[in-house]
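If you want the building blocks of each chain, they are given just below.
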Amino acid sequence: MEATMVEMENELPRPKVVDSKGILKQNREFLDYFWDIAKPEREIRLKAVESLTEHLKKAEKSDELKYSLKRLVDGLSHSREDARSGYSVALAQVLSVFEEISLKSVLEQIKEKHNLQTAKKKQVRNVAFGSFFGVLALSQSTRLHKEPLVLLDCIKLLQSLAQYRDHLRDLPRKTMVDILSETSEEVFEEVLFSALQSDLTSALSSPEQLELLLVAMQRFPSVIKPAKLKKLLGTTAIINKQNLPRLVALLKASACSVKKESVLPGVAMDLLQASLREDSFPLFWQEAIINGLMSEPPGPTHYLAFRLLGAALPLLSAPQLQVVLSGDVMSRYGEHVVSAQLPDRFRFAPEMEAYVCTFLQGCVEAERQLQVVLAFTQLTHHGCPAVPSHWRVLEHMMPDAVRRYVDWLKEAFCSPQLQNCLEFSTRKQRESQEPAMTKEACVFRFRKWIVPRLTSIVENQQIKKDEDLVLGIARFILFHAFFDTKKATAEIPETQTKLSVPLDSNTRGVTSNAFYSLLQYMNVLPVLGVSIESDVPSRRRLLGVMADGSMWVSCLAQYANTLLKQDTHIRSVRTYSTEHTQAWDSMLQSVESLRKKAKKSPAPEHTAFQHLLLIVGMQIFKSPEDSVELLSDLRSSMEKAQEKKSKKKKKQAGEDSSEPHWVEVVVEILLSLLAQPSRLIRNVCKTAFNRICPHLTEPALHAILDVLDPSKDEGAVEVMDMGEKTTEEDDEEEEDEEGEEEEEDEEEEDEGQDGEEPALASDDDDDEEEDDDDDDDNSAMEEEEVDQDFRLELMKVLHGQNASVNEEEEEEELNDEEMMKLDERLEALFREQKKKREGRRDEKKRVQKEKTLVRDFRIKVLDLLEVFLSKQGSSGLVLQVVEPLLAVIEKSMTSEVEQQEQDFLRRAADIFRNQLCRGKQYCKEVEGREAELHEMLERLIGRAQKLQDGSVALYYFSAALYLVKVLRGVVKETDSTQTPATQERIMGKVDVARVTSCFRNALVSFMTRRKSPLTGDMFIDLFNRFPVLCVELVDTAVENITGAVREHQQGQACAMVLRALQSKEVKQLMSAAQWTELCQRIADQLQQSLQHTQECKNKAVHDKMVKVLDLCHLLVKTVHIQKVDVNLESLQNVLESMNSDGCLQKAGQLEDTYWSVMKLFNIQKPHVKKVKRPAELMEQEAPKKKKKGFLPESKKRKNRKKPTTLEGKQTTVSTATSGEGGGMEGGKKKKKRNKKRKEQGGEETQTPPSSKKAKVQKPRSKKQKE
């Protein structure tokens, strides 16, 4: 056989067949349709079916039509499912288009081709599918009802296929049901009824036959009347007590049959509809569902009942819904929801949510909608509803139903009627007989669920609601979060309903948090009732305001003020002092004055100050002290802004340039607010800054960037710690001290490396209370510095008593009284020294705590920067963010590795990458700033080359590409009529020569330095985004294919050139001569590179060779396709010489790439003949047959091969035997084995092993003898 193949390869090439008339091409296209019909991709199959039908219609050839029918019928029994369905659809389409084809003849052809009586045993499955898909194609041709006899034959064929359930399952019965649903009543009565009578008579024997009867009854009620039904089943109705046991059994069987599919069986839905037609729904639901299905353990039968419950909702009336939604099925569903919260449990809740959504979408009665939603709300477990508080089904409720539902929730919050709820408990709780939860506890759980449900109605924009509903919910939550009712009054509706159970502190806290969360959302809430399409495109959408222009927070503040003034009817939960009341009143007065001024002369600062005052003022209910202090700061800032405006009217603009702009004042206030450890204040500041973003000035932006600037002192920003504030002067002094202490710590660490052990030894007694080892080490190092002073003090104390250095003289000269005084002085000295040391430790802890606060503060400030970049990405101020943000990233990369610092770095890098470089908007205000931007670009590229960390260099390089994009701008529509080459050359304000020189220097630096922070991917990204610069830099990349300093850089140069050749824009920007010259230079460089590198010595050389060959492949392919005049002979010769010794004939990435290149030169990979090895050599090297269940010799421990003594004879296992079993000589042992194990394999010892080892080794010795 091999010799024959070699001869065939060595034969002369056959002469090319001339197809002048295009017959072969035409037949090839025709046959390709059938190949495409059988492909797995659905789109390809459908396109092929359409193309085949069009071809047959245009060709009008009977032989092709006949061949197509034969080919399609043959393909119905294909082994693949996709192919079978494709041929079935194609056959149905052909039969539908060509009505002259007889369906009877096609059916006979199907029966003849797919005959189950003559099919082999292995082909029964495919033949059965062929017959089924043939009938399915006839049914889908929409012509079957026109030929009743063919329809009858199809039904009979499907009946015969029903016995092959192992292969077809219930597909034949379902197809019969589909055929019946499309058959006319006359045809059914005259033709099909007699054929289906046997199936209809045995309807209660299987779910499929029962479904067939139910569909026939539903489709042809005048044919299958009660009298005829009695002849078939013996009863005049399907649902009755006589048939219920068999119906329950069929429902259970159908539930188990769809266990994997998780769908509702059709027979169950048909039975439900039959019960509604026969007015026997209560009997069916109680006996078949509750007493039948729900009596089984939890499983498929329960899920069938749940699905039937959801599917029945649109079909039931209000009384029937009341029966279904308050019965055992609902309680079991609630039990399932609670138990399914455990991991790895099947959850039915998403399916039930889909059923309820379908019902609400199709229901036009608000009463029924409210009834269903209330039923699921009242399904409770210890007072807490089983459905989530954020339930998306409410999106499909009508506005009237939503309003009534909200009223019910408010009423239930005040006085819950838990006796009306459907309470359930889990099986484990019933078995363990846990004590029942008290009524008060259940009420508290219910209230904690109602509050987030109310807030979710406001926060979900898809729910239909009006302003009155939103304001009513907000007022209700505000009232019950901070106030109580003393006496009902008609002025405040919230006091009309009395609480049946007083609110506990926990519920009050949940309500308070929910109110501030709701308030935060209402600040960004669009105007209700106004769609986005109706807004004027040029006008910015208003957020946080009502239709009349008033702010939501202002309305809530007025309502809160009304509550505070109603002392006789309402009592506040918290007691407020006179200072708090005055601050609140002053805030409202300031807001009112600003509102009047805004009416006279609208200005953005008026709205900004109003919003800030109201937001901070509303915090008085949660933290009065902080709110009063912040309100005072806000008022003073507002007064300064007003003074500045009044001065401008009196003075000229130049004389008042030193006064800060109002935006700068607001930014300073926001920064002071961010210093508070409050998440709510953080969101408030973010919302307020969002409003003033369009009016941001350069000094205000610099105030934010100064906080993030790592070169600035950390104390320059005022940080609040637990409500304590310090002035800027104190902060600067403390920061100076901290800086000195940090420098001292660094010096002490350097000095303490050599003498660390003595320092630790001298301070063991004093460091027992410290848990942190670093603090112990630092304190020990500090003691080294103060030892000298302490020693001098100690000498003074000793010399004060005329003590001598000699210990013996001390004992003679000092008496007891003097010794007591000396001890007291020494004790005082050591006590003072200990206090100093503890003070230094406390100071260090304080400094560390302040650093943590500063980092946390900077993370919060990043929120403002993110808002600015996302909202004002096209502003010219964005360019001033680039370098400061890069400095933050660079500093954080080289600083501490604490988790907080890593979070700060990650956040800053994410803002830089996603909001700045990849943002949807970018700066377009570059007029007059071209020189500045080019200088910044040069600084960024220069800095990127000097860095040590490549990850930081990537951010600098990305910033440089961002500046190039900014300078290039957007191509105007007026330039669309120009040629493609002209369009690509439009670079806007970019100085192409200057930018090219900058990037070329960076590229040369990358190619000539052995360790460069730059990477090849950076320049590939540059080539992808800016083809004009790619054209300018590709020559440098080509030169470095051989001129780069290392193999890695040479491979990266090949990758860059490869990307340039792949770009269509690059080719359009170059003339034909330039393109030819470029290709020739690339070929010459590749030739030199291949000549210098003939062997892959290491991985770097191997990777380089792969990239070189990839570039060769693209170059040769481009030259051949585009017919470029390039001489490739020298390159081909070098490539051929690489395989002169046959080293590239193995399998691998390098070898495969090499032969893909040689294939373009019409050189195929030679066929390697397998040489049969001598039988003797194979016998010697063939391993022994392994016995199953035993370890191979190479896996057994060496010590088990030690010589053993059996019956007085010594048996020695030689090293040759161990090697034969795959030991060290076989090469299967790892090189990391210890020498001890190697020695044990060859040692001979006389120590007899244990009896257990002898028993284990005895059968192995027999195996060796064999």
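Residues numbered from 1 in each chain as written. Predicted model: local features only at pLDDT ≥ 70, side-chain atom pairs only at ≥ 80, totals over all residues. Heavy atoms only, no water.

Caption draft 1: Geometry of the overall build of the protein. The helix and strand inventory of the protein stands at 56 helices and seven strands. For the protein, the residues scored as buried account for 45% of the 1266 residues in total. If you sum the accessible surface of the protein, you get close to 69400 Å²; carbon and sulfur atoms cover 49% of it. (Helix = DSSP H or I, 4+ residues; strand = E, 2+ residues; numbered from the N terminus. Buried < 20%, exposed > 50% of the residue type's maximum accessible area, 1.4 Å probe, protein only. Areas by Shrake-Rupley, 256 points an atom, 1.4 Å probe, with all protein chains shown as cover.)

Caption draft 2: Structural detail: the sheet that holds strand 1 (residues 379–381). Here we have three strands laid out as an open sheet, ordered 2-1-3, and mixed in their pairing. The open sheet is flanked by strand 2 (384–385) and strand 3 (422–423), the only strands paired with a single partner. Where strand 1 lies against strand 3, two bridges are found, and the strand directions are parallel. The residue bridging Thr380 from the neighbouring strand is Glu423, located in strand 3. (Pairing = 2+ DSSP bridges.)

Caption draft 3: Focus on the packing of helix 21 (residues 366–377) against helix 22 (residues 399–414). Viewed as axis vectors pointing N to C, helix 21 and helix 22 meet at an angle of 35°, and their least axial separation amounts to 9 Å. For the element pair helix 21 and helix 22, the recorded crossing hand is right-handed. From helix 21, Ala366, Glu367, Gln369, Leu370, Val373, Leu374 and Thr377 reach across to helix 22, where they touch Asp400, Ala401, Arg404, Tyr405 and Trp408. Of the residues in the contact of helix 21 with helix 22, the class split is seven nonpolar, two polar and three charged. (Axes fitted to C-alpha atoms, helices over the stretch in contact; angles between N-to-C directions. Left-handed = near helix turned anticlockwise from the far one by under 90°. Contact = heavy atoms within 4.5 Å. Nonpolar A, V, L, I, M, F, W, Y, C, P; charged D, E, K, R; others polar.)

Caption draft 4: Fine view of the confidence of the model for the protein. Mean pLDDT for the protein: 78, with 77% of residues reaching 70 or above. Below pLDDT 50 for its whole length, residues 1–25 participates in five contacts with residues either more than four positions away or in separate chains. In the predicted structure, residues 1201–1232 sits below a pLDDT of 50 and forms 49 contacts with residues beyond four places in sequence or in another chain. (pLDDT = per-residue confidence, 0-100.)

Caption draft 5: How the structure looks around helix 40 (residues 899–917). An ideal rise of 1.5 Å per residue puts 27 Å on 19 residues; helix 40 measures up with 26 Å between its terminal C-alpha atoms. Residues Gln900, Glu901, Phe904, Leu905, Arg907, Ala908, Ala909, Ile911, Phe912, Leu916 and Cys917 constitute the buried set of helix 40. (Expected span 1.5 Å × (residues − 1).)

Caption draft 6: Representation of a positive patch on the surface in the model. A surface patch of positive charge is lined by Lys596, Lys597, Lys599 and Lys600. Lys597 gets classed as partly exposed once you look at its relative accessible area, which sits at 36%. (Patch = residues over 30% accessible without salt bridge, like charges linked within 9 Å, V, L, I, M, F, W, Y side chains within 5 Å. Salt bridge = Lys/Arg side-chain N within 4 Å of Asp/Glu carboxyl O. Lys, Arg positive; Asp, Glu negative; His and termini not counted. Charge placed at Lys NZ, Arg CZ, Asp CG, Glu CD.)

Caption draft 7: Here's a closer look at the packing of helix 39 (residues 879–893) against helix 42 (residues 950–968). Running from N to C, helix 39 and helix 42 point in directions that differ by 175°, and their axes come no closer than 10 Å. Taken as axis vectors, helix 39 and helix 42 run roughly antiparallel relative to one another. The segment helix 39 lies against helix 42, with Leu879, Val882, Leu886, Ala887, Ile889, Glu890 and Met893 engaging Ser951, Val952, Tyr955, Tyr956, Ala959, Tyr962, Leu963 and Val966. Across the contact of helix 39 with helix 42, the residue classes break down as 13 nonpolar, one polar and one charged. (Parallel < 35°, antiparallel > 145°, perpendicular 65-115°, else oblique.)

Caption draft 8: Structural context of the side chain of Ser77. Mapped onto the fold, Ser77 is located in the loop between helix 4 (62–74) and helix 5 (81–97). Here Ser77 is in contact with Arg84, His114, Asn126, Val127 and Gly130, once residues within four sequence places are set aside.

Caption draft 9: The arrangement of the environment of Ile692 in detail. Its place among the elements puts Ile692 in helix 32 (residues 679–692). In this structure Ile692 comes out as buried when scored by relative accessible area, which is 1%. Put simply, Ile692 and Glu605 are 87 residues apart on the chain and 8.1 Å apart in space, counted from C-alpha to C-alpha. Ignoring any residue separated from it by four or fewer positions in sequence, one finds Ile692 in contact with Ala608, Trp662, Val663, Val666, Val667 and Leu670.

Caption draft 10: Broad picture of the environment of Val49. Note on placement: Val49 falls in helix 3 (residues 42–59). Contact partners of Val49, with chain neighbours within four places excluded, come to Ile37, Gly86, Val89, Ala90 and Gln93.

Caption draft 11: Representation of the pattern of salt bridges in the model. Within the structure shown, the criterion is met by 32 salt bridges. Lys70 is the partner of Asp74 in a salt bridge, and the nearest nitrogen-oxygen pair spans 3.2 Å. Linking Asp74 with Lys70, this pair stays in helix 4, spanning four residues, or about one helical turn. The salt bridge involving Arg392 is made with Glu353; its shortest N-O contact spans 3.7 Å. Of this pair, Arg392 sits in the loop between strand 2 and helix 22 while Glu353 is found in helix 20 (residues 349–362), placing the two residues 39 residues apart along the sequence.

Caption draft 12: Quick look at the packing of aromatic side chains. Inspection of every chain in the model, using the stated rule, returns 32 aromatic pairs. The interplanar angle of 10° and the centroid separation of 6.2 Å between the aromatic rings of Tyr303 and Phe348 together place this pair among those described as stacked. Pair noted here: Tyr303 is in helix 17 (residues 300–312) and Phe348 is in the loop between helix 19 (328–339) and helix 20, with a separation of 45 residues, a long-range link. The class of Phe348 is buried, set by a relative accessible area of 0%. Seen from their ring centres, Phe482 and Phe621 are 5.3 Å apart, and the 25° between their planes marks the pair as stacked. With Phe482 in helix 25 (residues 467–482) and Phe621 in the loop between helix 29 (604–618) and helix 30 (624–650), this residue pair connects regions lying 139 residues apart in the sequence. Taking the relative accessible area as the measure of exposure, Phe621 reaches 2% and is therefore buried. (Phe/Tyr/Trp six-rings, centres within 6.5 Å; stacked < 30°, edge-to-face > 60°.)

Caption draft 13: Spotlight on the environment of Ala608. Assignment of secondary structure puts Ala608 in helix 29. For the pair Ala608 and Leu594, spaced 14 residues apart in sequence, the C-alpha separation works out to 9.9 Å. If sequence neighbours within four positions are ignored, Ala608 has contacts with Trp662 and Ile692.

Caption draft 14: Representation of a negative patch on the surface within the structure. On the surface, a cluster of negative charge is made up of Glu41, Glu43, Glu81 and Asp82. Considering the arrangement of structural elements, one finds Glu41 in the loop between helix 2 (23–37) and helix 3. Classification of Glu41 by relative accessible area gives partly exposed; the value is 40%.

Caption draft 15: Quick look at helix 52 (residues 1149–1160). Across its twelve residues, helix 52 extends 17 Å between first and last C-alpha, which sits within 8% of the 16 Å expected from 1.5 Å per residue. Residues of helix 52 that are buried include every one of Leu1150, Glu1151, Thr1153, Tyr1154, Trp1155, Val1157 and Met1158, and no others. Elements in contact with the buried residues of helix 52: helix 50 (1099–1122) and helix 51 (1129–1138).

Caption draft 16: Quick peek at unusual backbone geometry. A positive phi angle, close to 55°, is found at Asp279, a residue other than glycine. On the secondary structure map, Asp279 appears in the loop between helix 15 (266–277) and helix 16 (281–293). Despite not being glycine, Lys1123 has its phi angle at roughly 55°, a positive value. Positionally, Lys1123 belongs in the loop between helix 50 and helix 51.

Caption draft 17: Main features of the state of the cysteines. In the structure shown here, the tally under the stated rule is zero disulfides. There is no disulfide at Cys1054, and the cysteine sulfur nearest it, in Cys1112, is 7.9 Å away. (Disulfide = S-S within 2.5 Å.)

Caption draft 18: Here's a closer look at the side chain of Glu64. Here Glu64 is to be found in helix 4. Salt bridges are absent for the buried Glu64, whose nearest opposite-charge side chain, Lys61, sits at 4.1 Å. A distance of 3.1 Å separates a polar atom in the side chain of Glu64 from a polar atom in the side chain of His55. (Polar contact = N/O pair within 3.5 Å; in protein donor to acceptor, adjacent residues only side chain to side chain.)

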